[in-house]
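Single-letter residue listing:
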Amino acid sequence: MKSSRLLALPAALLLSLHTLPSLAADGTPLGWVERGKVLPEEVTVKFKLDTGALTSSMHAEDIEYFERDGDEWVRFDLDLEDIERDKLVKSRIERKLHRELTVRGAGGKEDRPVVLMKVCIGDRLLEEQFSLRDRDEMHYPVLLGRRTLEKLGPVDSARTFTIEPSCSELATR
């Protein structure tokens, strides 16, 4: 009896995977690199969809902590190359500190601020947690981690650029 239940389990898992949301126009999973927009500037950049990261990350420079109305806030420069317009977009952003994140790696540990930021991927406008760090040395200014990816659906590591950012809310801003 137990073995028949175990055989039924993989079939049930496959069926449940079929029902996961997917953003690609033809119903296939997203690629490991996609174009997305960072708001409020509507800057189009390459997003790396990273199933190995839990928390999403965004490029930020000159990060400063400050207090506003008794709450801790973060001020940072968002300097991103818009790949659609081939133009550097610079702005100073202020966000309420959502939490602190300690990242441990081969180089030791690092504390990073986490803020809520809006991004557009496909036709989905998302407000997500992003840890802030200088990603100038990285190929991708935005990394989407598993907490965000679970809202988007499966990722196919053999595919890239399966969708274009087209959030309808952008037109009404």
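See above for the structure.
Residues numbered from 1 in each chain as written. Predicted model: local features only at pLDDT ≥ 70, side-chain atom pairs only at ≥ 80, totals over all residues. Heavy atoms only, no water.

Visitor: Is there a simple way to think about the layout of surface pockets in this case?
Guide: When its volume is computed, the largest pocket comes out at roughly 210 Å³. Put simply, the parts of the chain that give the lining of the largest pocket at least two residues each are strand E7 (99–105) and strand E9 (124–133). Here the second largest pocket defines a volume of roughly 180 Å³. Forming the boundary of the second largest pocket are 13 residues, of which Leu 80, Glu 81, His 139, Tyr 140 and Pro 141 lie nearest the centre. Breaking the lining of the second largest pocket down by element, the ones donating at least two residues are strand E2 (43–49) and strand E5 (71–82). (1 Å grid on protein atoms, 1.4 Å probe; cavity = no way out; pocket = protein on both sides within 12 Å on 5 of 7 lines; lining within 4 Å. Points joined across faces, edges and corners; volume = space filled by probe spheres on them. Helix = DSSP H or I, 4+ residues; strand = E, 2+ residues; numbered from the N terminus.)

Visitor: What's the story with the state of the cysteines in this structure? I'm lost.
Guide: Formally, a disulfide is one covalent bond, and it connects the sulfur atom of one cysteine to the sulfur atom of another. Inspection of the entire model under this criterion finds one disulfide. Here Cys 120 is linked by a disulfide to Cys 167, with a sulfur-sulfur distance of 2.0 Å. Judged by the sign of its S-S torsion, about 105°, the bond between Cys 120 and Cys 167 is right-handed. One end of the pair, Cys 120, is in strand E8 (residues 108–121); the other, Cys 167, is in the segment after strand E11 (155–160), with 47 residues separating them in the sequence. Cys 167 gets classed as buried once you look at its relative accessible area, which sits at 5%. (Disulfide = S-S within 2.5 Å. Buried < 20%, exposed > 50% of the residue type's maximum accessible area, 1.4 Å probe, protein only.)

Visitor: Sorry if this is basic, but what is going on with the pattern of salt bridges here?
Guide: Scanning all chains against the criterion turns up eleven salt bridges. A salt bridge links Arg 75 to Glu 64, with the nearest nitrogen and oxygen atoms 3.3 Å apart. Of the two residues, Arg 75 sits in strand E5 while Glu 64 sits in strand E4 (residues 61–68), which places them eleven residues apart along the sequence. Look at Glu 64 and you get partly exposed, because its relative accessible area is 37%. Linked by salt bridges that have partners in common, Glu 64, Arg 68, Arg 75, Asp 77, Arg 92 and Glu 94 make up one network. (Salt bridge = Lys/Arg side-chain N within 4 Å of Asp/Glu carboxyl O.)

Visitor: Any chance you could explain a negative patch on the surface here in plain terms?
Guide: Together, Glu 67, Asp 69, Glu 72, Glu 100 and Asp 111 make up a negatively charged patch on the protein surface. Structurally, Asp 69 can be placed in the loop between E4 and E5. (Patch = residues over 30% accessible without salt bridge, like charges linked within 9 Å, V, L, I, M, F, W, Y side chains within 5 Å. Areas by Shrake-Rupley, 256 points an atom, 1.4 Å probe, with all protein chains shown as cover. Lys, Arg positive; Asp, Glu negative; His and termini not counted. Charge placed at Lys NZ, Arg CZ, Asp CG, Glu CD.)

Visitor: What am I meant to see in the packing of aromatic side chains here?
Guide: Tallying each qualifying case throughout the model produces two aromatic pairs. Between the aromatic rings of Trp 32 and Tyr 140, the centroid separation amounts to 5.9 Å while the plane-to-plane angle is 80°, which identifies the pairing as edge-to-face. Pair noted here: Trp 32 is in strand E1 (residues 30–38) and Tyr 140 is in the loop between E9 and strand E10 (142–144), with a separation of 108 residues, a long-range link. A ring pair is formed by Phe 66 and Trp 73, whose centres lie 6.3 Å apart and whose planes are at 35°; its orientation type is tilted. Lying across the ring of Phe 161, Arg 35 places its NZ or CZ 4.3 Å from the centre. (Phe/Tyr/Trp six-rings, centres within 6.5 Å; stacked < 30°, edge-to-face > 60°. Lys NZ or Arg CZ within 6 Å of the ring centre and 35° of its normal.)

Keep in mind these numbers describe shape, not what the thing actually does.
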